[in-house]
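Fold and contact review
Here's the letter readout for the chains.
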Amino acid sequence: MGWAALTYALATLALAYPALSGQFLVSLHSDQYIAGFAFRDFAAQSLRAGHGMPHWNPFMFGGLPYVGAMHGDIFYPTALLRLILPTDVGMTWGFIIHTFLAGLFTYMFLRAWGLSFLPALVGGLAYMLGGPIASYASPGHDGKLFLGALLPAALFLLLRGFRDGRNWAWGAFAIVVGLGWLSPHPQLLEYLLLTAGSFALYLAYGTDSTGAALDRQTAFKRLGFALAAVVVGTAIGAIQYLPVREYVAWSPRAAGHDYAIATSYSFPIIELVNMYVPQFTGMLDKYWGQNSIHLHSEYIGGPILMLATAAFGGAAHRKFRWFWVGTLIVALLWMLGGSTPFFQLIYAIVPGTKFFRAPSTIIYVFSFATSVLAALGTERILAKDLSRNAVLGWLGFGVLLALLAAAGVLNGFAEAAARGVGATLAEQRGYDLNQVSAVMVQRADANTTALTLGAWRSMIFLALVVGIVLAYVREKVTVQVFSLALTVLIGADLWTIARQYWMFSPPAKVLYASDPAVEFLKHEPEPGRVLVRALSDSGLVFPDPYFGNDSQGKGTGLMVHGIRSVTGYHGNELGRYDAISQAVGAGNAPATMSPTFWSHENVRYLYTNAALADSQVKRLVGPIKNSAGSTVYLYRLPGDNPYAWLAAGKTTAPDSALLPVVLDSRFDARRLAVFSDSNTLKVIPPTSLPEPLQISTATSEMAPGHATIALSAPSPEGSTLVVSENYYPGWHAMVDGKAQPVYRADYNLIGVPLPAGARRVELSFRDSAVDAGKGITLAAAFVALLALAGGVMLDRRRIG
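As a starting point, this report considers the structure included with it. What you see is a predicted model, and the numbers here were worked out from it, not measured in a lab. (Residues numbered from 1 in each chain as written. Predicted model: local features only at pLDDT ≥ 70, side-chain atom pairs only at ≥ 80, totals over all residues. Heavy atoms only, no water.)

**Regarding the nonpolar core**
With 231 residues, the main nonpolar core has Phe109, Leu158, Phe199, Trp324, Tyr364, Val469 and Leu721 as its most contacted residues. When residues in this core are grouped by element, the largest group, 14 residues, is from helix H7 (residues 142–162). The residues touching Val469, leaving out its near neighbours within four places in the chain, are Met306, Ile381, Leu386, Val391 and Phe482. In this structure, Ala534, Tyr546, Ile563 and Tyr607 belong to the second largest nonpolar core, which totals 17 residues. (Core = buried A, V, L, I, M, F, W, Y, C linked by side-chain atoms within 4.5 Å. Buried < 20%, exposed > 50% of the residue type's maximum accessible area, 1.4 Å probe, protein only. Helix = DSSP H or I, 4+ residues; strand = E, 2+ residues; numbered from the N terminus. Contact = heavy atoms within 4.5 Å.)

Here it is, written out as structure tokens:
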């Protein structure tokens, strides 16, 4: 295994070497740049400071639970890297390590099944450097990469447990399942469990590489062990998924997705061509296909596809081969999503599907199945049990495609496909058909040179591999030369594409460097949120860590500096905040641009790129350049807009009526706090509208999930402290040292009814589901480790 590990380490280093000089593996168009770094650095800083894992994220969208809303791999072992290394360095090495492990675990699985060294080496190389795994670095999808690496590890352990009867494998399998839960990417975890479950059934009731099968009693017992390991592994994930389970009802995903959303980002059939010619629909910024986001690659490679087809025929590994052919077909139909009727069956019967989208993400299972078949094909070639005509047929296909590209025929096909994509987008999104089709065709035309060169590149690598295969079969080269040449050619072929998806940037301290606007906000004594929005097209450099990829403020750069914003990028914020921030105000203007919203959400500052008249707002800083090079102004918005205020009275209203009430400019939040009639709070509505109180508030000791609010005078009977922070179960209040119930008020905020004479309120947030999950996780991890250690002892005793 040492030579295999060295090969995979060199292959990984060929992609990752800029990390050795401190560069950050992040594309400026990726989720990691816009949000992922800020999420992870927040927890890393809290843990380094000895404050533990944060439970509340106050820095975006009015606040949201940190664990329940999911902020990345906060409990996965890679988080430990961020405790001893800078956050960006730890994130970079998380990608590097798991790319290596994807290859190594695949090799271990194939060797354990009974394949010889070279086929197993080729299978691991094909998987780790293939587009579906190697390109995860580009969009910053580390959770997907983690599960991609864990898949072959899970299959290896099942093989050891079922076929070899190794008792230690069940504890190890439970740990792998637990890591899958902590990745955390529930959609790809589901795919891993379905694949592993299918393979477990195959091992229980099928035959191994020697043709032997388990007796029924043993098979049933080992299936029980596997199921128990899944249960223990699921329990290991409790610290992450117990809070998530409680949060779902509060999130935008509470009702699930309809079929149209669930099939969004399906794999377009036309893009299957990219598996051989990755430039067909355009790579990265040259992409013209129907998915608006295409930062990844589907490239499998002509040599690997040829080797996979070489697996067909011969008696060796026949049932194993057909299992992976079946897996490949199911994964293919699944990833095509709405492109075929097959997904309707999946949507109807597979649990969880209604909460996900992008069925194309199952492509990593497709890629793994292809890599297994490529390994089996290599085994047949080593045995010289192969039809030369089949190999020459692939060469003919490659030459023909290259000639068609040179003659412009392939580009004509691309133009026709682009025109069809335009028609589809026009129908789905209500665009002008002719205009959209013209744009798509123009993009396809701009990709002509890349497509032609790409077809010839693919043909050359395919021809070289075909040449070395034929030379070996005809005994023109030794097995050693063949092995070395095949490994180098396959690695080089995949590397030439994968390297384009490993984009390195300067360190985080440069990407998110402070500026005068940020420094001003960091030193403001009173808490106030920032509205980030571009108000013109000038002076912007996209992508920008503050403005995001467009003018809507979908960046989390302010979070890096500990500054609260009402915008950001997440996708799983609280549903009520989504509703209030996406509402439309007077004159069809966004509610977020209204003074009523600013008052409601403690918005005091505007971070923008436009010069505004001082009669509207007060300029504080600008013009300056931020870390991305965008022109920035910082303004003070009109109004006091405090973090907390005292409402003179309280009343109730139906939940459905609260949103328009709090956004109505005539609503005076200082007169009345409005509670939902679904609250358990007993409220006697006032007979007349009370006058606003002349009692101000001062906020101190602010920290994530904590604030102390002092009143300038004792509270009168019947008053309510309203705090501009999203309500969620887990908020607690101490009023002058005594516990006081907390309720949801004014649609989405925290409301604390006060007794007469109150002067000081201390708010704190603690997610009880995190604490409960922590206990379950620790207990389950102990059980898994105990099973692993006990299994090792039993196996040694049996061998001895």
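Alright, that's what it looks like, and here's the rest.
**Brief notes about the sheet that holds strand E5 (residues 529–532)**
Where strands meet in a sheet, backbone hydrogen bonds hold them as pairs that are either parallel or antiparallel. In space, the four strands of this open sheet follow the order E5-E6-E8-E7, with mixed pairing throughout. Only two strands of the sheet have a single partner each, and these edge strands are E5 and strand E7 (618–625). Between one strand axis and the next, the sheet turns by 20° as a mean value, whatever way the strands run. The pairing of strand E6 (residues 603–608) with strand E8 (residues 631–636) spans four bridges and is antiparallel. Bridging from a neighbouring strand, Tyr607 pairs with Leu634 of E8. (Pairing = 2+ DSSP bridges. Axes fitted to C-alpha atoms, helices over the stretch in contact; angles between N-to-C directions.)

**Concerning the sheet that holds strand E13 (residues 706–711)**
Across the sheet, which stays open at both edges, the five strands sit in the order E12-E13-E19-E15-E16 with antiparallel pairing between neighbours. Unpaired on one side and paired on the other, strand E12 (697–703) and strand E16 (738–740) mark the two borders of the sheet. The average angle at which neighbouring strand axes cross in this sheet is 25°, direction not considered. With five bridges connecting them, strand E15 (residues 731–735) and strand E19 (residues 760–765) associate as antiparallel partners. Across the sheet, Trp731 pairs through a bridge with Phe765, a residue of E19.

**Things to note about H7**
Compared with an ideal rise of 1.5 Å per residue, which puts 21 residues at 30 Å, H7 spans 30 Å between its outermost C-alpha atoms and is within 8% of the ideal. Here H7 lies mainly inside the structure; 21 of its 21 residues are buried. (Expected span 1.5 Å × (residues − 1).)

**Structural notes on the pattern of salt bridges**
Across all of its chains, the model carries 20 salt bridges by this definition. In this structure, Arg529 engages Glu725 in a salt bridge whose closest nitrogen and oxygen atoms are separated by 3.3 Å. On the criterion of sequence distance, the pair formed by Arg529 in strand E5 and Glu725 in strand E14 (residues 720–726) is long-range, its members being 196 residues apart. For the pair Arg529 and Glu725, one class covers both residues: buried. For Asp668, the salt bridge goes to Arg671, with nearest N and O atoms at 3.4 Å. (Salt bridge = Lys/Arg side-chain N within 4 Å of Asp/Glu carboxyl O.)

**A look at the environment of Leu403**
By the secondary structure assignment, Leu403 is in helix H17 (residues 388–406). On the basis of relative accessibility, which here comes to 48%, the residue Leu403 falls in the partly exposed class. Along the primary structure Leu403 and Ala669 are separated by 266 residues, whereas in three dimensions their C-alpha atoms are 72 Å apart.

Functional significance is not addressed by these values, which are geometric in nature.
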